[in-house]
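# Structural overview for review
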Amino acid sequence: MSVLRRAVLCLGLGIGLMVAAPLAGHAADGHWVRVAEKVIAEIDRAEAAMKAGNAEAAEESAIASYFDLFEALNMEIAERQALGARRVAEVESLFHDLQKQAAKRADLRAAATALRQALRADAKQLDADHVAPDGSLKGQ
Amino acid sequence: MRRLLLALAVIVSFGLSCPASSLAAPLDIAAAVSAVQAKGDALVESYDPAQKMPTMRGFSSLYFEQFDGDLENTIGAADPALKSELEAGFAQVIGQVRKGGTPAEVQASWQALRDGLDRVPSRIGGGGAWATFLQSFLILVREGFEAMLVVTALVAYLRRSGAPEKARVVYQGVGLALLASLAMAWGMSTLFSMSGAGREAMEGGTMLLASAVLFYCSYWLFAKREAARWQSYVQSQIDQALSGGRLYALGFAAFLAVFREGAETVLFYQALAAGAPGQMPALLGGLALAIVALAAIYVAMRVLSIRLPLRLFFGVTAALLYYLAFFVRRERRGRDAEWPCPAGDAAGRLAQSELVGGLSHP
């Protein structure tokens, strides 16, 4: 086998290992999906309260969804560690939008929908990446 | 070598000369903290348990509009623990208000947060001139050394193979990489402030390519560590190898190694300059000392490469290159963990994040 062929073989093996490593971590335990659903449940309460005309309760739930759940349950730090601070900024912006809409007594549907989609997508990724419940990356 | 170091100094000087165009004005930390404290004082002063929503809303807005973002990320870059403490402090105050705590309870929670905020100015910029000097020194030594590992291995190979004049291909790769680093740094400053996805794609692509090329070169060097095989190879194929595709691969490997480190270095220094206003003499002092240190390291590595036996030398250099091949991939993941923005600018955020992450890497 020529040097070049062996080098290509080694390169292929190396790339294979790089690709296989993250895939091996796909046996997610669903922790972050459960956390996201808790946050989403509070967002749902905010949306429902606004629809029912209880703007103050809606605003309170909108604020609580971030401070009492998203941040308190370490999803913010988990996203920062695994998905990057830019992604965290995007999600926080969605939370802020929800709260501003609630403060304005406006319809929350669009803001809530965007936030739900973002949280579910991120939670899947965090589980796939096996991010620990304290937000740390395993093995680091 | 002198041209290499001169070019390195030029690239960093260029990077330092254009922070005004690529980075927004540095954040006035003391003023930002004072503004947060003043608004928090007013909110707590007006807190009424029977009318909790204005205070909740006020603290939430205070967090998202004044703390979250530039201020929070700058604190996170300097002291992640303090950042977490302050975040928790906001949640604590809002939680107290939400449950209708007494004014004394809310005041106590706010005071704890306020005390944490008091510590911020002293944590940003840390030890002042000395810290800036040390950071400046470490940035260039670390980044330069990584590139030097690759360049030294490649040049030594060519010298060992009896074709030292072909080392110019490697140096040409280095020179082109320095020029490309300037362009890349400028491009990142402008393009990435508009498109985060573009930054990810380009940086990820560069690192993957660098990883693949380094992996190939490291295998190739490793396969040549047997002296007899090496001598045989040199005798039979040197002309063909040095004038063919492998020579190009060596130059390309040098280009990638220096290009990646060069672009990072410019961004690191931009971030350092933006985050340490008034510390330019310390920054330049660290830079100068780093250039001297790199020159000394380079000379030492060249001398060692001459005296080391072929088997050991190629074994060690191959191991170093394998390390780099995997290191670039590992770093790709780690660096995205933090992305602070000291100056409200995407390039600044990227650079400061790499500065923080980079200094903690091996």
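Residues numbered from 1 in each chain as written. Chains lettered and ligands numbered in written order. Predicted model: local features only at pLDDT ≥ 70, side-chain atom pairs only at ≥ 80, totals over all residues. Heavy atoms only, no water.

Quick look at the overall build of chain A now. The number of helices and strands found in chain A is six helices and zero strands. What you see in chain A, going N to C, is helices and strands ordered as α-α-α-α-α-α. Looking at chain A as a whole, 46% of its 140 residues are labelled buried. Total accessible area on chain A is roughly 6,500 Å²; 58% of this is exposed by carbon and sulfur atoms. (Helix = DSSP H or I, 4+ residues; strand = E, 2+ residues; numbered from the N terminus. Buried < 20%, exposed > 50% of the residue type's maximum accessible area, 1.4 Å probe, protein only. Areas by Shrake-Rupley, 256 points an atom, 1.4 Å probe, with all protein chains shown as cover.)

A few words now on the environment of A78 of chain B. Residues and elements named next belong to chain B. Among the structural elements, A78 can be located in helix α5 (residues 70-78). As a C-alpha pair, A78 and V120 span 42 residues in sequence and 9.2 Å in three-dimensional space. Beyond its immediate stretch of four places on either side in the chain, A78 contacts R123 and I124. (Contact = heavy atoms within 4.5 Å.)

To continue, consider the side chain of Q37 of chain B. For Q37 of chain B, the position within the fold is in helix α3 (residues 29-45). Setting aside residues up to four positions removed in sequence, Q37 of chain B forms contacts with W110, R114, L117 and D118 of chain B.

Turning next to the environment of L126 of chain A. Residue and element names in this part refer to chain A. By the element assignment, L126 lies in helix α6 (residues 109-128). Separated by 48 residues in the primary sequence, L126 and A78 place their C-alpha atoms 7.4 Å from one another. Setting aside residues up to four positions removed in sequence, L126 forms contacts with W32, M75, A78, E79, A82, L83 and V131.

It is worth spelling out the confidence of the model for chain A at this point. Residue and element names in this part refer to chain A. Of all residues in chain A, 78% attain a pLDDT of 70 or more, and the chain-wide mean is 83. For chain A, per-element mean pLDDT is lowest for helix α1 (residues 3-24), which scores 48, and highest for helix α2 (residues 31-51), which scores 96. Here residues 16-27 is a poorly scored stretch, pLDDT under 50, and it has 10 contacts once near neighbours within four places are set aside; other chains count. (pLDDT = per-residue confidence, 0-100.)

By the secondary structure assignment, Q99 of chain A is in helix α5 (residues 85-103). Classification of Q99 of chain A by relative accessible area gives buried; the value is 5%. Setting aside anything within four residues of it in sequence, one finds Q99 of chain A in contact with A62, I63 and Y66 of chain A together with S60 and F64 of chain B.

What follows concerns the nonpolar core. The biggest cluster of nonpolar side chains holds 63 residues, and the ones touching the most others in it are F67, M75, F95 and L119 of chain A together with F59 and F90 of chain B. The element best represented in this core is α2 of chain A, accounting for nine residues. Ignoring sequence-local partners within four residues, the contact set of F67 of chain A consists of A72 of chain A together with S60, Y63, F64, F90, A91 and I94 of chain B. Counting 23 residues, the second-largest nonpolar core is a separate cluster that includes A147, A167, L250 and A257 of chain B. (Core = buried A, V, L, I, M, F, W, Y, C linked by side-chain atoms within 4.5 Å.)

Residue and element names in this part refer to chain B. Its 17 residues place the ends of α3 24 Å apart at the C-alpha level, agreeing with the 24 Å of an ideal helix rising 1.5 Å per residue. Within α3, burial applies to I29, A32, V33, V36, Q37, G40, L43 and V44. Angular distribution of buried residues about the axis of α3 spans 130 degrees; they occupy a single face of the element. (Expected span 1.5 Å × (residues − 1). Arc of directions from axis to C-beta.)

Moving on: α5 of chain A. Residue and element names in this part refer to chain A. With 19 residues, α5 should reach 27 Å at 1.5 Å per residue; the first-to-last C-alpha distance of 26 Å fits that figure. Residues of α5 that are buried: A85, V88, V91, E92, F95, H96, L98, Q99 and A102. For α5, the arc enclosing every buried residue in end-on projection is 155 degrees, short of the 170-degree limit, so these residues lie on one face. Backbone geometry just after α5 places R105 at a positive phi near 60 degrees.

The full count for this structure, using the stated rule, is 14 aromatic pairs over all chains. Measuring from centroid to centroid gives 5.6 Å for Y66 of chain A and Y63 of chain B, while their planes differ by 45 degrees, and the two rings are tilted. Placement of Y66 of chain A in helix α3 (residues 55-71) and of Y63 of chain B in helix α4 (residues 52-67) is noted, with the two residues assigned to different chains. Given the relative accessible area of 0%, Y66 of chain A is considered buried. Looking at Y63 of chain B, the relative accessible area reads 0%, which means it is buried. Between Y63 of chain B and F90 of chain B, the ring centres sit 5.3 Å apart and the planes meet at 70 degrees, which makes this aromatic pair edge-to-face. Of this pair, Y63 of chain B sits in helix α4 while F90 of chain B sits in helix α6 (residues 80-98), and the two are 27 residues apart along the sequence. (Phe/Tyr/Trp six-rings, centres within 6.5 Å; stacked < 30°, edge-to-face > 60°.)

In this section: the packing of α3 of chain A against α5 of chain A. Residues and elements named next belong to chain A. In the contact formed by α3 and α5, the axes pass within 7 Å of each other and the chain directions differ by 160 degrees. Looking at the two axes, α3 sits roughly antiparallel to α5. Considering how the two elements wind past one another, α3 and α5 form a crossing that is left-handed. Contacts between α3 and α5 involve A58, E59, A62, I63, S65, Y66 and F70 on the former and, on the latter, V91, E92, F95, L98, Q99, A102 and A103. Its residues placed into classes, the contact of α3 with α5 shows 10 nonpolar, two polar and two charged. (Axes fitted to C-alpha atoms, helices over the stretch in contact; angles between N-to-C directions. Parallel < 35°, antiparallel > 145°, perpendicular 65-115°, else oblique. Left-handed = near helix turned anticlockwise from the far one by under 90°. Nonpolar A, V, L, I, M, F, W, Y, C, P; charged D, E, K, R; others polar.)

Opposite charge on two side chains permits them to pair, given that their charged atoms come into close proximity. Under the defined criterion, the tally for this structure stands at 18 salt bridges over all chains. With its nearest N and O atoms 2.6 Å apart, the salt bridge here joins R116 of chain A to D44 of chain A. Linking R116 of chain A in helix α6 with D44 of chain A in helix α2, this pair joins segments that are 72 residues apart in sequence. Residue classification places R116 of chain A among the buried positions, given a relative accessible area of 14%. With its nearest N and O atoms 2.8 Å apart, the salt bridge here joins D41 of chain B to R114 of chain B. Highlighted residues: D41 of chain B in helix α3 and R114 of chain B in helix α7 (residues 103-118), separated in sequence by 73 residues. Classification of D41 of chain B by relative accessible area gives partly exposed; the value is 29%. Overlapping salt bridges, with partners in common, bring together E42, R45, E60 and D68 of chain A together with K52 and R98 of chain B in one network. (Salt bridge = Lys/Arg side-chain N within 4 Å of Asp/Glu carboxyl O.)

The next subject is a nonpolar patch on the surface. A cluster of nonpolar side chains, contributed by W130, L134 and L138 of chain B, occupies part of the molecular surface with about 310 Å² of accessible area. Since its relative accessible area comes to 36%, L138 of chain B is described here as partly exposed. (Patch = residues over 30% accessible without salt bridge, like charges linked within 9 Å, V, L, I, M, F, W, Y side chains within 5 Å.)

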